[in-house]
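# Overview (structure and organization)
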Amino acid sequence: MLVGLEQNNHDGRPQINDMIISSGHEEFIRKTYEKWNVRQPDYVLAEEATRVFAQSHDLPISDLIKPSPLLMTSAVNVWREDHGLEPSKVISPEDKARTILVGDGPDKDGLLAV
């Protein structure tokens, strides 16, 4: 998948952004990508970011772990804001149509990526 994504983004096609959503730590994720000798993901929504978001919005951390819909909305809003779009409380049909989810499996991701 990473090789195909890299090739797409260099073939003059529309840019495809990737985001890692993980209960892991961003530093570990980035070091893993470096070790694999592949380009870094465009976005990482890891444990540190979700914890800060939960604290700043007075939410229990359980509201921001997989398979929470709020976690997915937060991920989409990270992308939207980076592309000059207003954040949204729900994922629009247009955003859903532009999104492909790849997960670890139904047990870990609660069918989030199915």
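Keep in mind that what you see is a predicted model, and the values were worked out from it rather than measured. (Residues numbered from 1 in each chain as written. Predicted model: local features only at pLDDT ≥ 70, side-chain atom pairs only at ≥ 80, totals over all residues. Heavy atoms only, no water.)

## What about the overall build of the protein?
Defined as follows: Numbering of helices and strands starts at the N terminus; helices are DSSP runs of H or I of at least 4 residues and strands are runs of E of at least 2. Pairs of residues are marked as contacts when any of their non-hydrogen atoms sit within 4.5 Å. Note on areas: these come from Shrake-Rupley sampling with a 1.4 Å probe, and a residue is covered only by the protein chains present in the view.
A tally of helices and strands in the protein yields 6 helices and 2 strands. Each helix (α) and strand (β) of the protein, taken in turn from the N terminus, gives the series α-β-α-β-α-α-α-α. Within the protein, contacts between residues separated by at least 24 positions form 38% of all contacts whose residues are at least 6 apart in sequence. Accessible surface, the protein: about 8,100 Å² in total, of which carbon and sulfur atoms supply 57%.

## A word on the pattern of salt bridges
This is how it is decided: When a carboxyl oxygen of Asp or Glu is within 4 Å of a side-chain nitrogen of Lys or Arg, the pair counts as a salt bridge. Residue exposure (1.4 Å probe, protein chains only): buried if accessible area is under 20% of the type maximum, exposed if over 50%, otherwise partly exposed.
All chains considered together, the criterion is met by 6 salt bridges. One salt bridge connects D18 with R39, and the closest N-O pair in it is separated by 3.2 Å. With D18 in the loop between α1 (2-10) and β1 (19-21) and R39 in the loop between α2 (26-36) and β2 (43-45), this pair connects stretches of sequence that are 21 residues apart. Accessibility expressed as a relative area gives 11% for D18, which makes it buried. Taking the relative accessible area as the measure of exposure, R39 reaches 25% and is therefore partly exposed. Ionic pairing is found between D42 and R39, a salt bridge with its closest N-O pair at 3.5 Å. Salt bridges here are not isolated pairs; linked through shared partners, they connect D18, R39 and D42.

## Thoughts on the confidence of the model for the protein
Let me state the cut-off plainly: What pLDDT conveys is the predictor's confidence in a given residue, as a value from 0 to 100.
Looking at the protein, pLDDT values average 79 and 76% of them are 70 or higher. Within the protein, α2 carries the highest mean pLDDT (93), whereas α1 carries the lowest (61).

## A look at unusual backbone geometry
Although it is not a glycine, N37 sits at a positive phi angle of roughly 60 degrees. With respect to the helices, strands and loops of the structure, N37 is situated in the loop between α2 and β2. Taking relative accessible area as the criterion, N37 reaches 69% and is therefore assigned exposed. Positive phi outside glycine occurs at D58, with the angle close to 50 degrees. Within the secondary structure, D58 sits in the loop between α3 (47-56) and α4 (69-82).

## What about α2?
For the record, the criterion: The arc refers to the directions leading from the helix axis to the C-beta atoms.
Listing the buried residues of α2 in full gives I29, T32 and Y33. Axial view of α2: buried residues confined to an arc of 95 degrees, hence all on one face. Exposed and oriented more than 90 degrees from the buried face of α2 are E27, F28, K31, E34 and K35. One or two residues past the end of α2 sits N37, with phi positive at roughly 60 degrees.

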